[in-house]
Amino acid sequence: MEKRAGANRESLRYAGAFIACLTGSGFATGQEILQYFTAYGLAGFGAIAVMFGLFAGIGSCLVLAGRREGFTRNAELFRYYGGPYAGAFFDGFTLLFVFLSYVVMVAGAGAALRQQFGMPAAGGCVVLAVLTAVTALCGFERISRPWAS
């Protein structure tokens, strides 16, 4: 029974990381989703259901294949599904996407702090960059991989 509880906790960690990666800061409040999809009326709610199904289905396939095959890197998973060329493309695209997402978040933090507190936008960008660096230097791996010691 103890092993099952540990597996459930690990599944929740994976699910949380997956949801955080997919939704990120752009969908964090849900406001963006409502503004985009409700502009299409009731059909927008159908699109939300389709997107939820795709995220859940594809996410499950990726996590299960990674666990079944014992992959330790995204590149292995991409090559498993896409072959050597498409897999290499998606591996590079993922790296670029994550980097650009960080750039957008830093810019968003600068804009939010300027709007809320009248602080220069560059100052807000620096605040987030410093907080990110501190998080990374304090052992981000322990947060993302709690079983690592």
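Residues numbered from 1 in each chain as written. Predicted model: local features only at pLDDT ≥ 70, side-chain atom pairs only at ≥ 80, totals over all residues. Heavy atoms only, no water.

### Digging into the overall build of the chain
Thought 1: Along the chain, the regular secondary structure elements total six helices and zero strands.
Thought 2: When its helices and strands are written in sequence order, the chain yields α-α-α-α-α-α.
Thought 3: The 149 residues of the chain split such that 9% are buried.
Thought 4: Total accessible area computed for the chain in this model is approximately 11300 Å², and 70% of it derives from carbon and sulfur atoms. (Helix = DSSP H or I, 4+ residues; strand = E, 2+ residues; numbered from the N terminus. Buried < 20%, exposed > 50% of the residue type's maximum accessible area, 1.4 Å probe, protein only. Areas by Shrake-Rupley, 256 points an atom, 1.4 Å probe, with all protein chains shown as cover.)

### Quick notes on the environment of Gly66
Thought 1: Turning to its location among the elements, Gly66 is positioned in helix α3 (residues 42–69).
Thought 2: Judged by relative accessible area, Gly66 falls into the buried class, the value being 16%.
Thought 3: Sequence separation of Gly66 and Leu77 is 11 residues, and the distance between their C-alpha atoms is 6.3 Å.
Thought 4: When neighbours within four sequence positions are excluded, Gly66 is seen to be in contact with Phe71 and Leu77. (Contact = heavy atoms within 4.5 Å.)

### Details of a nonpolar patch on the surface
Thought 1: A cluster of nonpolar side chains, namely Val50, Met51, Leu54, Phe55 and Ile58, defines an oily patch on the protein surface of about 430 Å² accessible area.
Thought 2: If you trace the backbone, Ile58 turns up in helix α3. (Patch = residues over 30% accessible without salt bridge, like charges linked within 9 Å, V, L, I, M, F, W, Y side chains within 5 Å. Salt bridge = Lys/Arg side-chain N within 4 Å of Asp/Glu carboxyl O.)

### Quick notes on helix α5 (residues 121–137)
Thought 1: Between its first and last C-alpha atoms α5 spans 24 Å; for 17 residues at 1.5 Å apiece the expected length is 24 Å, and the two agree.
Thought 2: Phi turns positive one or two residues past the end of α5, at Gly139, with a value near 105°. (Expected span 1.5 Å × (residues − 1).)

### Considerations on the environment of Val103
Thought 1: Its location among the elements puts Val103 in helix α4 (residues 74–117).
Thought 2: Classification of Val103 by relative accessible area gives partly exposed; the value is 39%.
Thought 3: Distance from Val103 to Cys125, taken between C-alpha atoms, is 9.3 Å for residues 22 residues apart in sequence.

### Here's the deal with the pattern of salt bridges
Thought 1: Under the defined criterion, the tally for this structure stands at one salt bridge.
Thought 2: For the salt bridge of Arg68 with Glu69, the shortest nitrogen-to-oxygen distance reads 3.5 Å.

### Re the confidence of the model for the chain
Thought 1: Residues with a pLDDT of 70 or more make up 78% of the chain, whose mean pLDDT is 80.
Thought 2: Element-level pLDDT for the chain is lowest in helix α6 (residues 140–144), with a mean of 62, against a maximum mean of 89 in α4. (pLDDT = per-residue confidence, 0-100.)

### Topic: the environment of Val106
Thought 1: The topology assignment puts Val106 in helix α4.
Thought 2: In sequence terms Val106 and Val126 are 20 residues apart; their C-alpha atoms lie 8.0 Å from each other.
Thought 3: Apart from residues no more than four positions distant in its own chain, Val106 is found in contact with Cys125 and Leu128.

### Points about α3
Thought 1: Counted at 1.5 Å a residue, the expected span for α3 with its 28 residues is 40 Å, and the 41 Å between its end C-alpha atoms agrees.
Thought 2: When α3 is considered as a whole, its buried residues turn out to be Gly44, Gly59, Ala65 and Gly66.
Thought 3: Note on α3: the residue one or two positions beyond its end, Gly70, has a positive phi of about 75°.

### Brief notes about the packing of α4 against α5
Thought 1: Remark: α4 packs on α5, axes separated minimally by 7 Å, with the N-to-C direction vectors making an angle of 130°. As judged from the angle between their axes, α4 and α5 are oblique. Judged by the twist between their axes, the crossing of α4 over α5 is right-handed. Residues Tyr102, Met105, Val106, Ala107, Ala109, Gly110, Leu113 and Arg114 of α4 touch α5, and the partners they reach there are Ala121, Gly124, Cys125, Val127, Leu128, Ala129 and Thr132.
Thought 2: Among the residues forming the contact of α4 with α5, the class breakdown is 11 nonpolar, three polar and one charged. (Axes fitted to C-alpha atoms, helices over the stretch in contact; angles between N-to-C directions. Parallel < 35°, antiparallel > 145°, perpendicular 65-115°, else oblique. Left-handed = near helix turned anticlockwise from the far one by under 90°. Nonpolar A, V, L, I, M, F, W, Y, C, P; charged D, E, K, R; others polar.)

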